[in-house]
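The chain contents come next:
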Amino acid sequence: MSDVFRSGFVALVGRPNAGKSTLLNACLGQKIAIESPVAQTTRKRLRAVVNTQDAQLIIVDTPGLHKPKDALGKELNRSALGELADVDVVALLVDATKPVGRGDAWVASHVQACGADYKLLVLTKADLSNPEQMAAQLAAAKELASFDDAIIVSAKENFNVDGFLGLVTAHLPEGPRWFPEDMPYDATPEDLVAEFVREKAFLNLKQELPHSLGVRCESIEYAKDGHASIRATILVEREGQKGIVVGNKGSMIRRIGSEARPELERLLNCKVYLDLNVRVQPKWRRDKNEIRRLGYDAGE
Ligand SMILES: Nc1nc2c(ncn2[C@@H]2O[C@H](COP(=O)(O)OP(=O)(O)OP(=O)(O)O)[C@@H](O)[C@H]2O)c(=O)[nH]1
Ligand SMILES: [Mg+2]
């Protein structure tokens with residue numbers, strides 16, 4: 001154990017699908033951020049507090065940076081770029097399996113310009129890549145900005161996640177434990193319930209309509225016997241989409257519910273009854289008020 005205690009904020013940024021949320025979960029050792037192969041899965045900042053004997057890291061998951069097509073996309077970018085302003089460490093995540101492109105260069109230019117003391121390049125998904133591809137990718141990604149360091153990880157296989165945490169910790173300033181040790185994240189149970197339902201909807205409907213889907217948790221009520229009754233609404237933009245989410249005789253919405261329930265039970269640590277409904281809310285992605293109601297805005 002070292003005699004200095006370090007603490008600080010670490011932002012994970014990168015293009016959509018780079019593996020930011022998966023790395024956050026691996027660092028925390030618990031799933032709080034939703035993961036999916038759909039680009040722009042993460043819609044709001046989420047902070048995980050990782051405690052070790054010598055340090056406290058507040059790791060910030062951000063929405064993937066991309067070319068926005070609507071008000072929601074603009075909010076996602078605003079939220080992610082906003083995080084760069086006020087952190088000690090920025091980790092730029094680049095997918096080891098996809099060619100480094102203009103999107104990465106654009107993200108890297110923001111990393112370059114931000115005031116963080118330590119800028120780390122993280123090549124993700126090492127398990128899907130081979131050594132030659134990784135070496136080429138690392139060389140190309142290093143050109144994107146002047147990084148202080150680079151590291152290769154696989155969050156899925158838990159490869160070098162400790163290495164990542166160690167490297168970041170060593171570059172945090174000396175400071176106190178900002179958050180109590182029993183507070184591993186900054187989201188409400190309602191936020192996480194809505195997100196977990198959205199993940200299952202994304203995974204099942206990724207070909208059809210992921211970006212048109214929003215989820216709101218209406219209520220969580222705890223009964224005397226300890227179980228939680230949860231009501232949540234899936235928002236879609238058109239009547240036809242409602243039919244897809246409901247599915248033949250309700251088969252799709254039942255599937256989404258039955259996939260979400262075990263994860264919600266693990267999260268809330270009790271038995272869960274989940275009541276899911278679908279509502280049509282035309283063009284909600286263009287409506288700033290609805291985006292705000294769903295909690296997908298960057299806030300002030
Ligand atoms: N094989 C493998 N897959 C990974 C790894 N990390 C992430 N993935 C997968 O890559 C996809 C995207 O991961 P996310 O963590 O959701 O990516 P993200 O950067 O948070 O994406 P956005 O929220 O859209 O910006 C998911 O299907 C993950 O399962 C990894 O280390 N290995
Ligand atoms: Mg994400």
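Small disclaimer: the values here were computed from a predicted structure and weren't measured.

Rules and cut-offs
- Residues numbered from 1 in each chain as written.
- Chains lettered and ligands numbered in written order.
- Predicted model: local features only at pLDDT ≥ 70, side-chain atom pairs only at ≥ 80, totals over all residues.
- Pairing = 2+ DSSP bridges.
- Helix = DSSP H or I, 4+ residues; strand = E, 2+ residues; numbered from the N terminus.
- Axes fitted to C-alpha atoms, helices over the stretch in contact; angles between N-to-C directions.
- Contact = placed C-beta atoms within 7 Å.
- Near = placed C-beta within 6 Å.
- Nonpolar A, V, L, I, M, F, W, Y, C, P; charged D, E, K, R; others polar.
- Buried ≥ 20, exposed ≤ 12 C-beta atoms within 10 Å, placed from the backbone.
- Core = buried A, V, L, I, M, F, W, Y, C linked by C-beta atoms within 7 Å.
- Domains from an automatic or database assignment.

(A) Expanded view of the sheet that holds strand S9 (residues 272–280). Here three strands make up an open sheet; going across it, the order is S7-S8-S9 and the pairing mixed. The sheet is open, and its two edges are formed by strand S7 (214–222) and S9, each paired on a single side. Within the sheet, the average angular offset between the axes of one strand and its neighbour, ignoring direction, is 15 degrees. Taken together, the nine bridges between strand S8 (residues 228–236) and S9 define a ladder with parallel strand orientation. Bridge pairing in S9 places Ile 234 opposite Val 278. Lying over the sheet, helix H6 (residues 189–204) contacts S7, S8 and S9, oriented at roughly 130 degrees with respect to S7.

(B) Fine view of the site of ligand 1. Lining the immediate surroundings of ligand 1 are 24 residues, of which Gly 19, Ser 21, Thr 42, Gly 64 and Lys 156 lie closest. At three residues, helix H1 (residues 20–28) tops the list of elements feeding residues into the shell around ligand 1. The residue makeup of the shell around ligand 1, split by class, is seven nonpolar, twelve polar and five charged.

(C) View of the environment of Gly 250. As for its position among the elements, Gly 250 is in the loop between helix H7 (239–246) and helix H8 (251–268). For Gly 250, a count of 11 C-beta atoms within 10 Å gives the class exposed.

(D) Molecular detail of the sheet that holds strand S5 (residues 118–124). Sheet architecture is open: six strands sit in the order S2-S3-S1-S4-S5-S6, paired in mixed fashion. Strands at the two margins of the open sheet, each flanked by one partner only, are strand S2 (46–51) and strand S6 (149–152). Direction aside, the axes of adjacent strands within the sheet are offset by 25 degrees on average. Across five bridges, the pairing between strand S1 (residues 6–14) and strand S4 (residues 89–95) is parallel. Within S4, the position partnered with Val 13 by the bridge is Leu 92. Strands in contact with helix H2 (residues 71–84) are S1, strand S3 (55–61) and S4; relative to S1, the strand with the most contacts, it is inclined by about 145 degrees.

(E) Fine view of the nonpolar core. Val 10, Val 13, Val 89, Val 90, Ala 91, Leu 92 and Val 197 are the most contacted members of the largest nonpolar core, which has 81 residues in total. When residues of this core are assigned to their parent elements, the largest contribution, seven residues, is made by H6. When residues of this core are assigned to domains, at least three fall in each of domain 1 (6–170) and domain 2 (189–293). Not counting chain neighbours up to four residues away, the residues in contact with Val 13 comprise Thr 62, Leu 65, Ala 80, Leu 84, Val 90, Leu 92, Val 107 and Val 111.

(F) Main features of unusual backbone geometry. A positive phi angle, near 70 degrees, is found at Asn 160, a position not held by glycine. Among the structural elements, Asn 160 can be located in the loop between S6 and helix H5 (161–170). Positive phi outside glycine occurs at Lys 249, with the angle close to 55 degrees. Residue Lys 249 is classed as exposed on the basis of its 7 C-beta neighbours within 10 Å.

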